[in-house]
Amino acid sequence: MKRSASAPGKIILFGEHAVVFGEPSIATAIGMRLKVEASDAAESTFNGVRVERNATPHAYHALNLAGMNARITVSSEIPAGAGLGSSAALSVALVLAMTGGEESEVAARAYGVELAAQMRASPADTSVCTHGHSIFISGRQEEGELWSVAGKEVRWHISHLDIPQLPVVIGYTGIPAATGPLVMKVKRHHERYSIVREAIAEIGQLTLEAVRPLTGGDMVAVGELMERNQRLLSIIGVSSHDIEKLLDAVRKYSYGAKLTGAGGGGSIIALTDRPDKVVQALELRGGKAFVTSISAPGARREEL
Ligand code: PMV
């Protein structure tokens, strides 16, 4: 038997890292997708290579969960290691293809796969890659929430957010960054330094403030909040020279810009009505630019 599913990549608009501590975050699905095909097989392979716990952890844990062996092939438009949700999209598409289920079940299982593969994580990425559109996620219960997911220390609540098409350009630094070690670094800083604890709380506060201008399409207000968020991300220690270089290059053509995802490399996002100028500025500084839609459709089963 052969099954197929696809899931979108994502960007985090506000609240990365703070969300791991239960603070609010806003994430949106992007118009780049990853597709999985899985057929029953005697031995499990991933794009032709035998599945192993360390080399192909997502496939290993998803297969364990589904209790099956499968020949898995993956094709993806999402660059890996760029902080654009390629690993979450992979977990979600694997789970949907091999186990199916309601949206909330797929999201919870995919989060389990991510957690097993990556240790400490919030369900922000797997939730938005499942649901698509845009989501608001926080450690506080919300009216009309879609579902909630429990981690070791936090129970996260996920709600749908209606964000119109805002003109966002993504700039990849070209430096892949592993999320796990950055999340652990922030955890250590959070334990040691009050300025980091304050910055995390302030990120949560400004993320709440961002809901209204985002849903209303107020680009000036959103841009200012992005700049504030970036300064706080820099205080908690996840920005980098390459990120700041790209941010400097795009700022004069943007309402606001910030890193997106784990930082330490990875990607930035710029809110702009001059996308051509931003693309040019990014490429001049050695970045790779992606112009894509936001609030894109979520995970779905694909016809074979
Ligand atoms: O590295 P990314 O783009 O998958 O982003 C991770 C987002 C964090 O908030 C840093 C971690 C998490 O699990 O939420």
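Attention here is on the structure that accompanies the text.

The rules behind these values
Residues numbered from 1 in each chain as written. Predicted model: local features only at pLDDT ≥ 70, side-chain atom pairs only at ≥ 80, totals over all residues. Heavy atoms only, no water. Helix = DSSP H or I, 4+ residues; strand = E, 2+ residues; numbered from the N terminus. Buried < 20%, exposed > 50% of the residue type's maximum accessible area, 1.4 Å probe, protein only. Near = heavy atom within 4 Å. Polar contact = N/O pair within 3.5 Å; in protein donor to acceptor, adjacent residues only side chain to side chain. Areas by Shrake-Rupley, 256 points an atom, 1.4 Å probe, with all protein chains shown as cover. Patch = residues over 30% accessible without salt bridge, like charges linked within 9 Å, V, L, I, M, F, W, Y side chains within 5 Å. Salt bridge = Lys/Arg side-chain N within 4 Å of Asp/Glu carboxyl O. Lys, Arg positive; Asp, Glu negative; His and termini not counted. Charge placed at Lys NZ, Arg CZ, Asp CG, Glu CD. Axes fitted to C-alpha atoms, helices over the stretch in contact; angles between N-to-C directions. Left-handed = near helix turned anticlockwise from the far one by under 90°. Contact = heavy atoms within 4.5 Å. Nonpolar A, V, L, I, M, F, W, Y, C, P; charged D, E, K, R; others polar. Phe/Tyr/Trp six-rings, centres within 6.5 Å; stacked < 30°, edge-to-face > 60°. Core = buried A, V, L, I, M, F, W, Y, C linked by side-chain atoms within 4.5 Å. Pairing = 2+ DSSP bridges.

The next subject is unusual backbone geometry. With phi around 70°, H17 is a residue other than glycine that occupies positive phi space. Position of H17 relative to the elements: it lies in the loop between β1 (2-14) and β2 (25-40). Despite not being glycine, S295 has its phi angle at roughly 50°, a positive value. Exposure remark for S295: the relative accessible area of 18% places this residue in the buried category.

Close to the ligand lie 14 residues, the nearest being K10, H17, S122, D125 and T179. Within the side chain of D125, a nitrogen or oxygen atom sits 2.5 Å from an oxygen atom of the ligand. Within the contact set of the ligand, an oxygen atom lies 2.5 Å away from a side-chain nitrogen or oxygen of T179. Here the ligand loses 94% of its free accessible area of 380 Å² to cover by the protein chains. Broken down by secondary-structure element, the contributors of at least two residues to the shell around the ligand are β1 and α5 (179-192).

Once that is clear, we can look at a positive patch on the surface. On the surface, K245, K252, R274, K277 and R285 cluster together into a patch of positive charge. Following the sequence through the fold, K277 ends up in helix α9 (residues 275-284). Here K277 falls in the partly exposed class, since its relative accessible area comes to 34%.

Turning our eyes to something else, we now look at the packing of helix α3 (residues 103-118) against helix α4 (residues 124-131). Relative orientation of the contacting elements α3 and α4 amounts to 145°, with a least axis distance of 9 Å. Of the two elements, α3 crosses α4, and the hand of that crossing is right-handed. Contacts from E103, V106, A107, A110, Y111 and E114 of α3 reach α4 at T126, T130 and H131. Tallied by class, the residues present in the contact of α3 with α4 amount to four nonpolar, three polar and two charged.

Given two aromatic rings, one states the distance between the centres and the angle between the planes to describe the pair. Taken as a whole, this structure holds one aromatic pair when the rule is applied. Measuring from ring centre to ring centre gives 6.1 Å for Y111 and W156, while their planes differ by 80°; the resulting arrangement is edge-to-face. Separated by 45 residues along the polypeptide, Y111 in helix α3 and W156 in strand β8 (residues 155-161) bring together distant segments of the chain. W156 shares its class with Y111; the two are buried.

With 102 residues, the main nonpolar core has I11, F14, I26, V36, I72 and L214 as its most contacted residues. With ten residues, helix α2 (residues 86-99) is the largest single contributor of residues to this core. F14 has contacts with S25, I26, L206, T207, A210, L214, V222, L225, M226, N229 and K258, leaving out every residue within four places of it along the chain.

Looking now at the sheet that holds strand β11 (residues 267-271). Paired through their backbone hydrogen bonds, the strands of a sheet run either parallel or antiparallel. Read across the open sheet, the four strands follow the order β10-β11-β9-β12; overall the sheet is antiparallel. Each end of this open sheet is capped by a strand with a single partner; those strands are β10 (256-260) and β12 (288-291). In this sheet, adjacent strand axes meet at a mean angle of 25° when their direction is disregarded. Those strands touched by helix α7 (residues 219-235) are β10 and β11, and its axis lies near 45° from that of β10.

Read these as spatial facts, not as claims about activity.
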